[in-house]
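Each chain, written out:
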Amino acid sequence: MQDTEMQPALAAMLGKHRSGLRLIIGNKNYSSWSMRPWVVMKAFGIPFEEVRILLNQPDTTNRIAEFSAAGRVPVLLAGEITIWDSLAICEYLAEQFSILNLWPEDVAARATARSICAEMHSGFSSLRFDMPMNIRADRFGKGRTIGSQADIGRISEIWEDCLALYGAHQFLFGEFSIADAFYAPVVMRFRTYGVSLAPALQAYVDRVIAHPAVAQWVREALMETETMPGHDARPAE
């Protein structure tokens, strides 16, 4: 993790956001999309105000509409600017805080990191549906469908390739980056549903879980008491 304890350069960048950064998120136990930019900001020491909106409540739609017409979380408010969608938020942060190297510095590694984040962003629909993120749950062996197994195989292939080419057996591109934050909700799913992985990939999962930003999200998810019955009941047996 970067040492970003109010470096002068970082402080100067933050000065551009005099009104502060506000990140609108959903429940930590369930909202995989919210987890990604939150973990990025925590991991790189970017201060922000968190606004948590409970999902699947009578006022959820109206509350989110106060911040974005898109009707979804996460949303980042940066002064007069509103950025919605987790990938757009992370790209904005990478541009605004370029000194922190949220993406890998190497050109080839950075291109690969962006590619695997885009693939996660737009794909793996079976895994999302059959194994919804639920950090508090223990569903060992559930959610196994042909589609989710195919998605698990492809994710394993991505991790193996990135760790071998760029990761030096640490994170996907050596240092923790946006790419690891984007796959952190998958790590949560693999833990909840007891997905068996090759030893090197399980070691990567363990490192992600132990990362301070991820560990903090998990702690706070475990402290939540709200439930989403429809979401909770969805995974296939």
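Description of the structure in this document. The model shown is predicted, which means the values in this text are computed figures rather than measured ones.

It is worth spelling out helix H9 (residues 199–210) at this point. Across its 12 residues, H9 extends 16 Å between first and last C-alpha, which sits within 8% of the 16 Å expected from 1.5 Å per residue. Among the residues making up H9, those that are buried are Leu 201, Tyr 204, Val 205 and Val 208. Looking down the long axis of H9, one finds its buried residues gathered within 100° of arc, a one-sided arrangement. Residues Pro 199 and Ala 210 are exposed on H9 and point more than 90 degrees away from its buried face.

Moving on: the nonpolar core. Of all hydrophobic cores here, the largest spans 67 residues; its most connected members are Leu 93, Trp 159, Leu 172 and Tyr 183. Here this core gets 10 residues from one element, more than from any other, and that element is helix H8 (residues 178–192). Core analysis: the second largest hydrophobic core is formed by 11 residues, Leu 55, Val 73, Val 75 and Met 228 among them.

Before going further, it helps to spend a moment on the pairing of strand E3 (residues 75–78). Two faces make up the sheet, and in a regular strand the side chains alternate between them. Alternating positions in E3 separate into two faces, Val 75 and Leu 77 on one and Leu 76 and Ala 78 on the other, with burial throughout. The sheet contact formed by E3 and strand E4 (residues 81–84) spans 4 bridges and is antiparallel. Of the residues in E4, the one forming a bridge with Ala 78 is Ile 81. Counted along the chain from E3 to the antiparallel partner E4, the turn is 2 residues long, and its residue Gly 79 has a positive phi close to 65°.

Let us look at the packing of helix H2 (residues 32–43) against H8. Relative orientation of the contacting elements H2 and H8 amounts to 135°, with a least axis distance of 8 Å. When the axes of H2 and H8 are compared, the pair comes out oblique. Every pair of crossing elements has a handedness; the one defined by H2 and H8 is right-handed. In this structure, H2 contributes Ser 32, Met 35, Arg 36, Val 39 and Val 40 to the contact, and H8 contributes Ile 178, Ala 181, Phe 182, Ala 184, Pro 185, Met 188 and Arg 189. Of the residues assigned to the contact of H2 with H8, the class counts are 9 nonpolar, 1 polar and 2 charged.

So, how was this worked out
- Residues numbered from 1 in each chain as written.
- Predicted model: local features only at pLDDT ≥ 70, side-chain atom pairs only at ≥ 80, totals over all residues.
- Heavy atoms only, no water.
- Helix = DSSP H or I, 4+ residues; strand = E, 2+ residues; numbered from the N terminus.
- Expected span 1.5 Å × (residues − 1).
- Buried < 20%, exposed > 50% of the residue type's maximum accessible area, 1.4 Å probe, protein only.
- Arc of directions from axis to C-beta.
- Core = buried A, V, L, I, M, F, W, Y, C linked by side-chain atoms within 4.5 Å.
- Pairing = 2+ DSSP bridges.
- Axes fitted to C-alpha atoms, helices over the stretch in contact; angles between N-to-C directions.
- Parallel < 35°, antiparallel > 145°, perpendicular 65-115°, else oblique.
- Left-handed = near helix turned anticlockwise from the far one by under 90°.
- Contact = heavy atoms within 4.5 Å.
- Nonpolar A, V, L, I, M, F, W, Y, C, P; charged D, E, K, R; others polar.

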